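# Structure assessment
Single-letter residue listing:
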Amino acid sequence: MQNPAPILIDPASIAFQSVLDRLAPTDATVLIVGETGTGKEVVARYLHHHSARRGEPFLAVNCGALTETLAESELFGHEKGAFTGAAERHQGWFEAAEGGTLLLDEIGELSLPLQVKLLRVLQEREVTRVGSRRPVKVNVRVIAATHVDLAQAIRERRFREDLYYRLNVAAVTLPPLRQRREDIPLLADHFLKVYATRLGRPQLRLAEDTVATLMDYPWPGNIRELENTLHNAVLLSREAVIAPQHLRLNPVALDPQPASELALDRFLRQQLSVDNGQIYQRVLDSLVRNAFELSDGNQLQTAALLGVSRNTLRTHLGHLGLIKARRSTARGLRFDAAPAAPQERELRIGYQKFGNLGILKARQSLEAEFASRGISVLWSEFPAGPQLLHALTNHEIDFGTTGEVPPVFAQASGSPLLYVAWEPAAPQSVALMVANDSPIRTIADLRGKRIAVNKGSNVHYLLVQMLDEADMSLADVRVVYAPPKYPLTPSDHHAVDAWMMWDPLLSAAEYDGQLRVVGDGRGRVNNHQFYLTHREFAAHSADLLHTLLAALEQTGRYIDGNRKEASVLLATELGLAPQALSDALVRRSHQTKRMDLAVIREQQTIADRFYALGLLPRAVKVREALWHD
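Residues numbered from 1 in each chain as written. Predicted model: local features only at pLDDT ≥ 70, side-chain atom pairs only at ≥ 80, totals over all residues. Heavy atoms only, no water.

Basically, it comes down to this: UniProt positions are given in the numbering used here, feature names are shortened, and annotations may be inferred rather than shown by experiment.
Under an unreviewed UniProt entry, the name given to the chain is Putative aliphatic sulfonates-binding protein, and the organism recorded is Pantoea coffeiphila. Here is the UniProt Sequence similarities (unreviewed entry) comment for the chain, exactly as written: "Belongs to the bacterial solute-binding protein SsuA/TauA family."

Right under this line is the structure:
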């Protein structure tokens, strides 16, 4: 959401706000329950900004996005050497939010072991870092949010009852948008102004019948869907008035309950009335079996028809005895144990919504290239390079792209990665940014300031170089490790003083005029882009890598020759202004190149620097991670 406080006029909303106004000044733990997209984080920020903690950090962590292996370290921190790759002491989310407010979003997704540890933290108001026995006192107000029915989760033994009561000191249920319809025109007008101003079209307005259409729509995606709808309308409309036809509304939601759904409801109610307790499994088995038959035994088509992952589907098919147990000869190459069955191959690509892979995914040309060969392409999106490399290390993807620094950290931690290709330097695509009214004017002004940086990323290296230039080190500033984010909220400005950013968010921030650049990578870092793969995948799938590299080379030529079209292609996907994306694309040549010794030597220089600083657990030899095709 764009604003720190809800826009309220509907009676249901006003009643809800009165509850928030009573809770905000207290330090009570609050549980916010609401459907996806209703603005739970906005409500949490409202509670923070109207409390005595408003001058301290507000931090939000999505519990559903925490990987099982790293969740405890992310929440509670770890000591140096606590596990492989722990090169230094790391502050967890609780310590980072000291004095302020911590939102635990999607709390219902936490694993049971972590729920036990969280319960102790809430009771004792102290955390124990991984690898330490010494508790650290924390002064943090905790707000939890979920769209999950926690009472049902308790009955299913997925959520601890004692943690529920600890969180449920004050519970508020956020009404869905369809129950607060009088808010819709005001919210729509607010989002219209935000995106129209950002795109330089402040004269845009909504037609009366457009407002009526918005009021009549049930908004299954709630406020987030409304915001996305208005953003999309601003991007696509060419006229001063947005008409109903400019709105991309879900046609299924326009018909709240088609005849087929009514028939299905009647059938299920009839079955439930005479059921012996096994209806769930019977319906699920029948659903999978029929979808498998309709798809003529094609697992990919069956998974798509059911809207589940292929791994989930295979579990059901194995339970029904419709396929034999799966074996794997190599990561990324999978097929059934039956010798006569045709091999089903997958290429799992990790990408960020920008650059060659982002365009390649948007154009869907790679899927067409591999379809005739019986190879499916599966895409996984990541916010930044370190997270993508973690997935590569853990066999979750086969191929991906990151900047210069993440592969160095990953290789030092024992990742079986291989460098496959690279793209030319783009030092202007990374920078340190501050608010327009910030007193920070030079690098020297950073001493003692809080700087947000994605750990192990290219901007992490840029920060090291900048501080060295001003005769400072990381010890002279307060580093806040956080994933990249833009637009920023008032809470973000309270939490830190400066942000290390990279394109396309860097260009978007410059285009919007919300932040200014103190210094970029020119003369400090090269900011190359690398394509990487898993060793096992390279050993068994060199043919796929060659085809993929050829597609990337072709895409790079397309971007460099058609930047305007490429920026428009990315605009809707990213929710950023096409001009900002065009600026970002211009800053880098997208010509994919095979690895050479010169760029490897530059990469080795970065590795040596981080090892000398004590940020890597061991020295690495980059040349040992080259793909030899």
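### Considering the nonpolar core
Note the threshold: As used here, the term nonpolar core means buried Ala, Val, Leu, Ile, Met, Phe, Trp, Tyr and Cys residues forming a set that is joined through side-chain atoms within 4.5 Å. For the exposure calls, accessible area comes from a 1.4 Å probe over protein chains only, and a residue counts as buried if that area is under 20% of its type's maximum, exposed if over 50%, partly exposed in between. Here a helix means four or more residues in a row that DSSP labels H or I, a strand means two or more in a row labelled E, and each is numbered from the N terminus. Residue ranges for the domains trace back to a domain assignment, done automatically or taken from a database. Pairs of residues are marked as contacts when any of their non-hydrogen atoms sit within 4.5 Å.
If you look at the biggest cluster of nonpolar residues, it comprises 51 residues, and the most contacted ones within it are Tyr419, Leu432, Leu446, Met500 and Phe610. Tallying contributions element by element places helix H20 (residues 458–469) first for this core, with seven residues. Shared between two domains, this core holds at least three residues of each, these being domain 4 (362–424 + 528–624) and domain 5 (430–520). Look past the residues within four positions of Leu446 in its chain and what remains in contact with it is Leu432, Ile440, Ile451, Leu467, Met472, Asp476, Val477 and Ala498. In terms of nonpolar packing, the next biggest core, distinct from the first, is built from 50 residues, Leu214, Leu249, Ala508 and Ala580 among them.

### So, the sheet that holds strand E20 (residues 515–520)
To be explicit about the condition: At least two DSSP bridges between two strands are required for those strands to pair. Every axis in this analysis is a line fitted to C-alpha atoms, fitted for helices over the stretch in contact. Angles between the N-to-C directions lie between 0 and 180 degrees.
Taking strand neighbours across the sheet as the criterion, the five strands line up as E18-E17-E19-E16-E20 in an open arrangement whose pairing is mixed. Single-partner strands in this sheet number two, and they are strand E18 (478–481) and E20. Direction aside, the axes of adjacent strands within the sheet are offset by 30 degrees on average. Bridge analysis of strand E17 (residues 450–453) against E18 gives four bridges, and the strand direction is parallel.

### Thoughts on the confidence of the model for the chain
Basically, it comes down to this: The quantity known as pLDDT measures the predictor's confidence residue by residue, on a range of 0 to 100.
The share of residues in the chain with pLDDT of 70 or more is 86%, and the mean pLDDT across the chain is 82. Here residues 1–7 is modelled with pLDDT under 50, and outside its nearest four sequence neighbours on either side it reaches 29 contacts, counting other chains as well. Across residues 325–342, where pLDDT falls below 50, the model places 35 contacts with residues more than four positions away in sequence or in other chains.

### Observations concerning the packing of helix H22 (residues 505–512) against helix H26 (residues 578–586)
Just so we agree on the cut-off: Just so you know how the angles are binned, under 35 degrees is roughly parallel, over 145 roughly antiparallel, 65 to 115 roughly perpendicular, and the rest oblique. Each helix crossing is assigned a hand: it is left-handed if the near helix lies turned anticlockwise from the far helix by less than a right angle, otherwise right-handed if that turn is clockwise.
Put simply, H22 and H26 touch, their axes get as near as 8 Å, and they point 130 degrees apart. With respect to their mutual orientation, H22 and H26 come out oblique. Between H22 and H26 lies a crossing whose hand is right-handed. Contact with H22, carried on its side by Ser507, Ala508 and Tyr511, involves Gln579, Ala580, Asp583 and Ala584 of H26 and no other residues of that element.

### Re the packing of aromatic side chains
To be explicit about the condition: For Phe, Tyr and Trp, where Trp contributes only its six-membered ring, two rings pair if their centres lie within 6.5 Å, and the inter-plane angle classes them as stacked under 30 degrees, edge-to-face over 60, or tilted in between.
In this structure the tally under the stated criterion is eight aromatic pairs. Consider the rings of Tyr351 and Trp379, whose centres lie 5.6 Å apart with planes at 85 degrees: the pair is edge-to-face. Placement of the pair is Tyr351 in strand E12 (residues 344–351) and Trp379 in strand E13 (residues 375–381), with a sequence separation of 28 residues. By the burial criterion, Tyr351 is buried, and Trp379 matches it. Through a chain of ring-to-ring contacts, the aromatic side chains of Phe409, Tyr461 and Phe610 assemble into a single cluster.

### Re the pattern of salt bridges
A side chain with one charge can pair with a side chain of the opposite charge if their charged atoms come near. Here is the rule we go by: Whenever Lys or Arg places a side-chain nitrogen within 4 Å of a carboxyl oxygen from Asp or Glu, that contact is recorded as a salt bridge.
In the structure shown here, the tally under the stated rule is 22 salt bridges. For the salt bridge of Arg53 with Asp27, the shortest nitrogen-to-oxygen distance reads 2.9 Å. Of this pair, Arg53 sits in the loop between helix H2 (40–49) and strand E2 (58–62) while Asp27 is found in the loop between helix H1 (11–23) and strand E1 (30–33), placing the two residues 26 residues apart along the sequence. For Arg53, a relative accessible area of 9% translates into the label buried. Overall, the relative accessible area of 47% leaves Asp27 in the partly exposed class. Between Glu35 and Arg178 there is a salt bridge whose closest N-O contact spans 2.5 Å. Of this pair, Glu35 sits in the loop between E1 and H2 while Arg178 sits in the loop between strand E7 (170–173) and helix H8 (184–198), placing them 143 residues apart in sequence. Judged by relative accessible area, which is 29%, Glu35 ranks as partly exposed. One network of salt bridges, in which partners are shared, links Glu79, Glu95 and Arg129.

### Section: H2
Each α-helix turn comprises 3.6 residues. Residues three or four places apart therefore point the same way. The element H2 is largely enclosed, with a buried count of nine among its 10 residues. Buried within H2 are the following residues: Lys40, Val42, Val43, Ala44, Arg45, Tyr46, Leu47, His48 and His49.

### Overview of the sheet that holds E1
One open sheet accounts for five strands, arranged E2-E3-E6-E1-E7; its pairing is parallel. Of all the strands in the sheet, just E2 and E7 have a single pairing partner and so form its edges. When the angles between neighbouring strand axes are averaged without regard to direction, this sheet yields 20 degrees. Summarising the sheet, strand E3 (residues 101–105) and strand E6 (residues 141–146) pair through four bridges and their orientation is parallel. Across the sheet, residue Leu104 finds its bridge partner in E6, namely Ala144.

### Thoughts on the pairing of E3
The element E3 is extensively covered by neighbouring structure, given that five of its five residues are classed as buried. Burial of the side chains of E3 extends over both faces: Thr101, Leu103 and Asp105 are buried on one face and Leu102 and Leu104 on the other. Bridge analysis of E2 against E3 gives five bridges, and the strand direction is parallel. Residue pairing for E3: Asn62 is matched across the bridge by Asp105.

### Observations regarding the environment of Trp93
As for its position among the elements, Trp93 is in helix H4 (residues 93–96). Separated by 387 residues in sequence, Trp93 and Val480 place their C-alpha atoms 9.9 Å apart. Apart from the residues within four sequence positions on either side, Trp93 is in contact with Leu59, Ala60, Val61, Glu74, Leu75 and Leu102.

### Side note on H22
Listed as buried for H22 are Leu505, Leu506, Ser507, Ala508 and Ala509. Of the residues one or two after H22, Gly513 is the one with positive phi, at around 75 degrees.

### Comments concerning the environment of Met215
Looking at where Met215 falls in the secondary structure, it is placed in helix H9 (residues 208–216). Placed 37 residues apart in sequence, Met215 and Arg178 show a C-alpha to C-alpha distance of 8.7 Å. What Met215 contacts, discounting residues up to four positions off in sequence, is Arg181, Ile184 and Pro185.

### Points about the pairing of E17
For the record, the criterion: By the criterion used throughout, a crossover qualifies as right-handed when its path from the first strand across the helix to the second strand runs clockwise, the strands pointing away from the viewer.
Alternating positions in E17 separate into two faces, Arg450 and Ala452 on one and Ile451 and Val453 on the other, with burial throughout. Crossover E17 to E18 through H20 is right-handed. Pairing of E17 with strand E19 (residues 498–502), which is carried by two bridges, proceeds in the parallel orientation. Bridge pairing in E19 links Ile451 to Ala498.

### A closer look at unusual backbone geometry
Here the amide bond leading from Asp503 into Pro504 is cis, since omega sits at 10 degrees, within 30 degrees of zero. Within the element layout of this structure, Pro504 appears in the loop between E19 and H22. At Trp219, a residue that is not glycine, the phi angle is positive and equals roughly 50 degrees. Summarising the element assignment, Trp219 is placed in the loop between H9 and helix H10 (222–236). A positive phi is found at Asp471, a non-glycine position, where the angle reads about 60 degrees. When you line up the elements, Asp471 lands in the loop between H20 and E18. Here Asp471 falls in the exposed class, since its relative accessible area comes to 69%.

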